[in-house]
Amino acid sequence: MTFTWISLVGHASFLLAAISFLMRSMVWLRLLAIGSLLIGIAYNAHIAQTEPELWTVVGWQVVFLAINITQSILLVIANSEVPLSEQQRTLLAETFPMMRARSFVRLMEAGQELRPAPGTPLVEYGASMNSLLLVTKGSLALIGPHNDVQMMGRGRMVGDITATIGENYGGSPYQIIAGEGAEIITIPHAAIASLRNKHPDFAFAFTDGIVRGIAKKVELLIPTIVAGSNRQEVVLTDEQRLAHALLLSSMPTCFVKELFSLGIRELFEKGAVITNDDRVGIIVKGMVRIARADDQHIILEDGNFLGEIGFVAQQEFAVKSVTYAERATQVVWLSHVDLRSLEQANPSLYISFLNCIAKNLAVKLTKPLIPNASGSEVGIYAFGRGASTNCA
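Bear in mind the structure is a predicted one, so any value in this text is a computation, not a measurement.

1. With respect to the overall build of the protein
Here's step 1: A tally of regular secondary structure across the protein gives 13 helices and 18 strands.
Here's step 2: Per-residue burial over the protein gives 47% buried out of 392 residues.

2. Points about the confidence of the model for the protein
Here's step 1: Averaged over every residue, the pLDDT of the protein is 77; the share at 70 or more is 79%.
Here's step 2: Low pLDDT, under 50, characterises residues 219-236; the predicted model gives this stretch 59 contacts beyond four residues in sequence or across chains.
Here's step 3: Note that pLDDT drops below 50 for residues 368-392; the model gives that stretch 64 contacts with residues more than four away or on any other chain.

3. A word on the side chain of Gln 61
Here's step 1: For Gln 61, the location among the structural elements is in helix 3 (residues 55-79).
Here's step 2: Every residue in contact with Gln 61, bar those within four places of it in the chain, is listed here: Leu 37, Gly 40, Ile 41 and Asn 44.

4. Notes on the packing of aromatic side chains
Here's step 1: Applying the stated criterion to the full structure yields 4 aromatic pairs.
Here's step 2: Here Trp 60 and Phe 64 contribute two aromatic rings whose centre-to-centre distance is 6.1 Å and whose plane-to-plane angle is 35°, an arrangement assigned as tilted. Of the two residues, Trp 60 and Phe 64 both sit in helix 3, 4 residues apart, roughly one turn of that helix.
Here's step 3: For Trp 60, a relative accessible area of 52% puts it in the exposed group.
Here's step 4: A ring pair is formed by Phe 202 and Phe 206, whose centres lie 5.6 Å apart and whose planes are at 20°; its orientation type is stacked. In this pair, Phe 202 and Phe 206 are both assigned in helix 8 (residues 200-218), 4 residues apart and thus about one turn of the helix distant. Side by side, Phe 202 and Phe 206 carry an identical accessibility label, which is buried.
Here's step 5: Counting every residue linked through ring pairs, the aromatic cluster contains Phe 96, Phe 202 and Phe 206.
Here's step 6: The lysine or arginine in question, Arg 279, covers the ring of Trp 333, its NZ or CZ lying 4.3 Å from the ring centre.

5. Let's talk about the pairing of strand 3 (residues 131-137)
Here's step 1: Of all 7 residues in strand 3, 6 are buried; the element is thus mostly enclosed.
Here's step 2: Direction of pairing for strand 3 relative to strand 8 (residues 183-188): antiparallel, over a ladder of 6 bridges. Each bridged residue has a counterpart across the sheet, and for Val 135 the counterpart in strand 8 is Ile 184.
Here's step 3: When strand 3 meets strand 6 (residues 157-158), the two strands line up antiparallel, connected through 2 bridges. Bridge pairing links Leu 134 to Met 157 in strand 6.

6. Re the environment of Glu 269
Here's step 1: One can find Glu 269 in the loop between strand 10 (264-268) and strand 11 (273-274).
Here's step 2: Along the primary structure Glu 269 and Ala 325 are separated by 56 residues, whereas in three dimensions their C-alpha atoms are 6.7 Å apart.

7. Some words on helix 4 (residues 86-95)
Here's step 1: Taken as a whole, helix 4 has its buried residues at Leu 91, Leu 92 and Thr 95. Within helix 4, the buried residues cover an arc of 100° as seen down the axis, which keeps them to one side. With respect to the buried face of helix 4, the exposed residues turned more than 90 degrees away are Glu 86 and Ala 93.

Rules used in this analysis
Residues numbered from 1 in each chain as written. Predicted model: local features only at pLDDT ≥ 70, side-chain atom pairs only at ≥ 80, totals over all residues. Heavy atoms only, no water. Helix = DSSP H or I, 4+ residues; strand = E, 2+ residues; numbered from the N terminus. Buried < 20%, exposed > 50% of the residue type's maximum accessible area, 1.4 Å probe, protein only. pLDDT = per-residue confidence, 0-100. Contact = heavy atoms within 4.5 Å. Phe/Tyr/Trp six-rings, centres within 6.5 Å; stacked < 30°, edge-to-face > 60°. Lys NZ or Arg CZ within 6 Å of the ring centre and 35° of its normal. Pairing = 2+ DSSP bridges. Arc of directions from axis to C-beta.

If you want it as structure tokens, here you go:
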């Protein structure tokens, strides 16, 4: 095969096109495609001098070039930052730290700002939530069914669970009343869904922020001391299919297999302390009790996460709870490093994984208190197969 300068030009055009298919960044894909088309136009225009049929190819390449240039300009505009006020920058950092400024502005523009008078009821107990309420200043009071009161300050959200999973779980578990100096933005769930469908980067950052907010509400922080217990490599078992059905049903079976292949199974005898070190656990068999510093307890059966809050929050916390094995328990641990690698390799599956965490936390938040053996309510929650939810 004899190479001429014009044949090398043609090879260069196709080589750039091939390299563009390897790019994960849309910007680089577009730029390489533009370079490929420019060289391709020059190559085909030269040959078209003697073979006029190739002018058809040149014409279509010009059309493709115009499309790629236009889309590149729109992409740069969409990814460019917009100026934010000091209050907006603070609110963005507190609520959606992974969201771009332009996406945050879109979210704020989709909502309506309210300044309710102190004591104004905003949400009644058991009411359905059709909007996300974001506190931008002041505070809101959450009054529970037993007249217990929780205060929510700037950056906290109401209706975040419904916005993520699309279900009300029997309505709001609190009556919500405006506090002193409260300012909120109410954003319809329909508008949020529209933004998530139109802007994939917004969907990822929004889900991340919602999960962080839910994690703050739960406030279950697991100790970070590695437990001394038997370990063995995970193999494909019936327990994996159980986790798929209860926690990861929206994900392909091949992904569940891959997820478990990254994990380590840890066996805990009854009464053993269960601790995690930069890992997210999936309870595949058994039951655990999370004893909080405020004397409340949570019972988790197979089909639940452990340590997911520390993964989402991405920061160190003081130990506020201790986890014990109520009976012989098996946990599959997934390291934070492997999960972050998943985020880079397959963002759509990573978003599905965050949605699974959000739904599992939502169930934990909305289950009522049940009495202990003595008949007095000590804040024991029970979450098992009946409390689990599938991911969408």
